Amino acid sequence: MSDMLEFISKFTEELPAEAAKGEEALWEYLARRGAGIVNCFAASFFEADEQKKRLTFRKSIGPVGGDLVGVSFGYQGVVGFCAESKKAILINDAENSPLFTKKVDKGSGFRTKSVIAVPAIANGELLGVMEFINSIPGAFSEAELKAAELVTALTARDVYIKKLEATVKQLNLKGESTINNLSGGFIGADMEGKVIFFNLKASEIFEVGQEYLNRPVVELFQLCPDIVGAIGDVIKQNKTVRRMEFRCRVNGKEKVIGYSSINMKGVDGKIIGAGVIFQDITNL
């Protein structure tokens, strides 16, 4: 048991480094290192599609592992039952188990004797099923089942985080594209007062580049004091305005700027900053 705890501790310590490499590396790490922790000959991760009730070999190590990656099938056998029930399973006599199907063994020439199947779940979502096959000592123990559940849960958590990060990045890119394509200027700052948006139209109106991006909003004072005031009112007092205007000197020219100020919200609906939408209405 002390050796197993040491292996799990080592697994946990090295997990962040694998997470930095991405989702594929995490499942590979779980299959490779998990097989060592539960002391077995082979291991496979099956990605789950709960809507279609299908499983796909995503990662597989062992005698026939490389031949199986990419193969999909409907919920069946031990891994299918595990996916359906979302419960871990330990079977030490696969041939006589009603849950076991011999289809994969027949197709691959591999003989399955003992199995641990664990659902990979994070935030209530089934990501897939991790299967450990053929205990080296001959039979899996309850301690090895618990160890398999633990390392699978830790890996699933990190995979889920990577998926969330990818989603947020996509949303941010989509948001930036939308902001840059606005017909008016847009300047936005986070709750700490740092400029996080300064779109192309804002650069055109104020005849500057992108030098104010990622700088403290107070530095906009030299550009246009009223911009600082409008953003500051939203951040500090939650005070927004609609259809107001101010005058501003831009490279010696006086411009009339029509603007509205807004709260900026994240994907979860929480306020993440303040923004000013504006247009040059000098000649209107």
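What you see is a predicted model; the values in this text were computed from it and never measured. (Residues numbered from 1 in each chain as written. Predicted model: local features only at pLDDT ≥ 70, side-chain atom pairs only at ≥ 80, totals over all residues. Heavy atoms only, no water.)

Quick look at the packing of aromatic side chains
With the rule as written, the count across this model stands at nine aromatic pairs. Ring plane angle 10 degrees and centroid distance 3.7 Å describe the contact between W27 and F45, whose orientation is recorded as stacked. Of this pair, W27 sits in helix α2 (residues 23-38) while F45 is found in strand β1 (residues 40-49), placing the two residues 18 residues apart along the sequence. Neither W27 nor F45 differs from the other in exposure class; each is buried. (Phe/Tyr/Trp six-rings, centres within 6.5 Å; stacked < 30°, edge-to-face > 60°. Helix = DSSP H or I, 4+ residues; strand = E, 2+ residues; numbered from the N terminus. Buried < 20%, exposed > 50% of the residue type's maximum accessible area, 1.4 Å probe, protein only.)

Details of unusual backbone geometry
The backbone phi angle of N238 is positive, close to 55 degrees, even though this residue is not glycine. Tracing the backbone shows N238 in the loop between α8 (225-237) and β9 (244-250). Exposure remark for N238: the relative accessible area of 47% places this residue in the partly exposed category. In this model, N251 sits at a positive phi of 50 degrees, which is unusual for a non-glycine residue. Along the chain, N251 falls in the loop between β9 and β10 (253-265). Note on N251: relative accessible area 58%, which makes it exposed.

Description of the sheet that holds strand β3 (residues 72-74)
Two strands in a sheet stick together by hydrogen bonds in their backbones, pointing the same way (parallel) or opposite ways (antiparallel). Overall, antiparallel pairing links the six strands, which are arranged β3-β2-β1-β6-β5-β4 in an open sheet. In this open sheet, the two edge strands, each paired with only one partner strand, are β3 and β4 (89-91). Between one strand axis and the next, the sheet turns through 25 degrees on average, direction left out of account. Of the pairings in the sheet, the one linking β4 to strand β5 (residues 115-122) comprises three bridges and is antiparallel in character. Note that in β5 the partner of I89 across the bridge is A117. Against the sheet, α2 contacts β1, β2 (54-61), β5 and β6 (125-135), and its axis sits at roughly 65 degrees relative to β2. (Pairing = 2+ DSSP bridges. Axes fitted to C-alpha atoms, helices over the stretch in contact; angles between N-to-C directions. Contact = heavy atoms within 4.5 Å.)

As for the side chain of S114
Checked against the element boundaries, S114 lands in the loop between α5 (103-108) and β5. At 2.9 Å, the side chain of S114 forms a polar contact with the backbone nitrogen of S135. Excluding its chain neighbours within four sequence positions, the residues that come into contact with S114 are I91, N92, A94, F132, I133, N134, S135, G138 and F140. (Polar contact = N/O pair within 3.5 Å; in protein donor to acceptor, adjacent residues only side chain to side chain.)

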